[in-house]
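# Structural overview
Letter by letter, the chains look like this.
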Amino acid sequence: AKTKGANVVEYYSDEMIKKNKRKMLLESALRNALHNNELHLHYQPKVNLQTRKLVGVEALLRWNSNKYGMISPGEFIPIAEETGLIIPIGEWVLKTACTQNKQWQDEGYEPITMCINLSARQFQQYNILDKIANILQETNLEPKYLNIEVTETMAMIDLEQSIEKLNALKRLGVSISLDDFGTGYSSLNYLHKFPLDVLKIDQSFIRNINSDKQSAAIVKAIISVSKSLDLTVIAEGVEIIDQIDFLLSEQCDEVQGYYFSPPVPSKKLEEMLTPA
Ligand code: C2E
Ligand code: CA
Ligand code: CA
Ligand code: CA
């Protein structure tokens, strides 16, 4: 007879089998997603808190699978990373987003910055710099209108290499954001070694700034570090006016979040752009 303990083990392994099965199905569907036109980009505004102007957008991947419907990036990005599919997908993201940004400029809107998430796997490619340079050339987008978002965790994998690559990006004229700041190792010791332009305060700190003294203190400290390192500081996940008020009083430069707009399709984003 089965003991209770054995049943518990069985329960977990059933769950694991189910999860693994879904992962395998998604993986196989993801292999055809690019080719089937199932991937598209949404764009989320970044707003200057003082002027309330839209100064940039973050490109965010969306996957509407023919077979399985909408799959969240939280689920499919890790699969894309593991399988290496993130390499062709990531290149498609770069190309599509740069093309879009150039198109908005050609249509006569005031130029904005296009911010793109780079995955660890992409960043580790030896020829990632050439790839980005080529895409800028192909799309005719001026490098200063491209911003690359990297995470601390990514940059720490091979510190020396990372610093070199980031410096090369800077020489290209591309700007760099440190994403999800505060959730990784967050060593202030190496922060100044990275040639950064922007620090993005992770949304987990913003969520509780009005209720939790520690979150508020951390956000204040990050803003203060940003100022002393001469970086632009942006708060992620800003949803309510109380958060805006706090960030304004602490002189945070920019915000991104549902308060101003969720990520939206290009046509919808276009309505928020300013004619030049
Ligand atoms: P992230 O880079 O930290 O992106 C911000 C996430 O916060 C996005 O989730 C965005 O939709 C969400 N968000 C924005 N404003 C708010 C808000 O006010 N409240 C809340 N609760 N959430 C907000 P999303 O689009 O689901 O993307 C999740 C993650 O997937 C991203 O986190 C990023 O790490 C990854 N990702 C998305 N697109 C790409 C891509 O093109 N390439 C790579 N490598 N990763 C991507
Ligand atoms: Ca990001
Ligand atoms: Ca983030
Ligand atoms: Ca994140």
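In this report, the structure presented in the accompanying data block is examined. Fair warning: this is a prediction, and the values are worked out from it, not measured in the lab. (Residues numbered from 1 in each chain as written. Chains lettered and ligands numbered in written order. Predicted model: local features only at pLDDT ≥ 70, side-chain atom pairs only at ≥ 80, totals over all residues. Heavy atoms only, no water.)

Any pair of aromatic rings gets described here by the distance separating the centres and the angle formed by the planes. For the structure shown, the criterion picks out four aromatic pairs. Between the aromatic rings of W63 and F76, the centroid separation amounts to 5.6 Å while the plane-to-plane angle is 80°, which identifies the pairing as edge-to-face. On the criterion of sequence distance, the pair formed by W63 in strand β2 (residues 54–65) and F76 in helix α2 (residues 73–83) is long-range, its members being 13 residues apart. Comparing W63 with F76 shows no difference in burial state: the two are buried. (Phe/Tyr/Trp six-rings, centres within 6.5 Å; stacked < 30°, edge-to-face > 60°. Helix = DSSP H or I, 4+ residues; strand = E, 2+ residues; numbered from the N terminus. Buried < 20%, exposed > 50% of the residue type's maximum accessible area, 1.4 Å probe, protein only.)

This part is about the coordination of the calcium ion (ligand 4). Only D180 (OD) and D180 (OD) from the protein coordinate the calcium ion (ligand 4), and they sit 3.0 to 3.1 Å from it. In this structure, the calcium ion (ligand 4) lies 3.8 Å away from the calcium ion (ligand 3), the two metals sharing D180 as a donor. Here D180 shows up in strand β6 (residues 175–181). (Donors = N, O, S within 2.8 Å, 3.2 Å for Na, K, Ca; no water.)

Right, let's get into the environment of I163. Inspection of the secondary structure puts I163 in helix α7 (residues 159–172). The residues touching I163, leaving out its near neighbours within four places in the chain, are K193 and F194. (Contact = heavy atoms within 4.5 Å.)

Moving on, we get to the coordination of the calcium ion (ligand 3). Each protein donor to the calcium ion (ligand 3) is listed here as D179 (OD), D180 (OD), E236 (OE) and E236 (OE); together their distances run 2.2 to 2.4 Å. Of note, the calcium ion (ligand 3) draws all its donor residues from one chain, in the sequence arrangement D-D-x55-E. Between the calcium ion (ligand 3) and the calcium ion (ligand 2), a spacing of 3.9 Å is present, and a bridge between the two is formed by D179. Here E236 lies in the loop between β8 (232–235) and α11 (241–249) and D179 lies in strand β6, a separation of 57 residues in the sequence.

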